[in-house]
Amino acid sequence: MPQMQALAERVEAWLGGATFEGFEPLGFSGLKTAVPSPDELVGRTLTRVGRRAKYVVLEFSGEPERRIVFHLSQAGRVDFEEPPKRTKPKGSVVRWKFSGDKAVLVREFGTERKAGWWVLGPGDDGPLATLGPEVTSDEFAEWLRTSDDGRRVHTILRDQHTVAGVGRGFADDALHRARLSPYASLKSLSPEERERLLAAILEVLADGLERERSRTGGLSANKLGEHFTVHGKAGLPCPVCGDDLKRVSYESHEIVYCPRCQTGGKVLADRRLSRLVK
Ligand SMILES: [Zn+2]
């Protein structure tokens, strides 16, 4: 959430009030909708830029309502161009042109081709339709306090259909801050532990947003450097107790945690590794 929220704020500050002048599809087809056509946006004013989960939403003036929604996935990037370039860098998806001699280039590192964009009309929420409540909403807070969901908290926090806007990096950091095991199920948590978890989630996201708001321009660098507290830092000392952070593979990705702070000293079994050993 923090990276896309701050990006949405920068796009609005840079382009709010500008007129959409056209688009250049580049490279693979990142456009996920056939109707309405992006050509219908030409001449409309960009009135607002928002965010929902990991999606950035560009709202335009005029009737019927039109929005562009885009998604960068892990390796997607955004360049602000002033004046617009004519180049087609590797991994380019689309270039949107705006008045004031400005353009936004969406591109993607690597070969996954997961970045994409949608043009949506009234009543069509496209990829936003199946998202759970935003992590900062009262709806999610109430759900977290009362749910008897038996899944692991880490799994829940990464499931965008349950809660939108956390992701695995902040899930690692939130569980560490809340001193809870990444393997804890939500229904096993006491009311006090749930409050601690909720506070920790909101704190790590607020810290992340503050850091992201110090960026300028688009989101261009190859490595974005998200500065997590424990995520991606296995083997380094825990910033709270100084013991080594551990990693455990789970559901095709890696969780980082501190045994002393989170699991009463217990090292979590790595299922993938134990299968290989057998
Ligand atoms: Zn620790």
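Here's what I pulled together on the structure shown here. (Residues numbered from 1 in each chain as written. Predicted model: local features only at pLDDT ≥ 70, side-chain atom pairs only at ≥ 80, totals over all residues. Heavy atoms only, no water.)

### Topic: helix α1 (residues 2–15)
So the rule is basically this: In this text, helices come from DSSP runs of H or I with a minimum length of four residues, and strands from runs of E with a minimum of two, each type numbered from the N-terminal end. How far a helix is expected to stretch is found by multiplying one less than its residue total by 1.5 Å. Buried, partly exposed and exposed residues are distinguished by accessible area as a fraction of the type maximum, computed with a 1.4 Å probe on protein chains only: under 20%, between the cut-offs, and over 50%, respectively.
If you check α1, its first and last C-alpha atoms are 20 Å apart, about what 14 residues at 1.5 Å a residue would give, namely 20 Å. Counting buried residues in α1 gives 11 out of 14 residues, a clear majority hidden from the surface. Within the span of α1, buried status applies to P2, Q3, M4, Q5, A6, L7, A8, R10, V11, W14 and L15. Where α1 terminates, the next one or two residues include G17, which has phi positive at roughly 90°.

### Thoughts on the packing of aromatic side chains
Note the threshold: Stacked, edge-to-face and tilted are the three classes for Phe, Tyr and Trp ring pairs, Trp counted by its six-membered ring, which pair at centre distances within 6.5 Å; planes under 30 degrees apart are stacked, over 60 edge-to-face, the rest tilted.
Tallied over the full model, the rule gives nine aromatic pairs. With a centroid separation of 4.4 Å and 5° between ring planes, the pair formed by W14 and F80 is classed as stacked. Pair noted here: W14 is in helix α1 and F80 is in strand β5 (residues 76–81), with a separation of 66 residues, a long-range link. For W14, a relative accessible area of 18% gives the class buried.

### Examining the coordination of the zinc ion
Quick reminder of the rule: Metal donors were taken as nitrogen, oxygen and sulfur atoms no farther than 2.8 Å from the ion, or 3.2 Å where the ion is Na, K or Ca. Water is excluded, so coordination may look unfinished. Each label reflects the angles at the metal, where four donors whose angles all fall between 85 and 135 degrees are tetrahedral, four or six donors whose opposite pairs open beyond 155 degrees and whose other angles stay between 65 and 115 are square planar or octahedral respectively, and the rest are irregular.
Coordination of the zinc ion by the protein involves C238 (SG), C241 (SG), C258 (SG) and C261 (SG), with metal-donor separations of 2.2 to 2.4 Å. Around the zinc ion sit four donor atoms; with metal-centred angles ranging over 99 to 114°, the donor geometry is tetrahedral. The sequence motif formed by the donor residues of the zinc ion is C-x2-C-x16-C-x2-C. Highlighted residues: C238 in the loop between α5 (191–212) and β9 (246–250) and C261 in helix α6 (residues 259–262), separated in sequence by 23 residues. The two residues C238 and C261 agree in class, both being buried.

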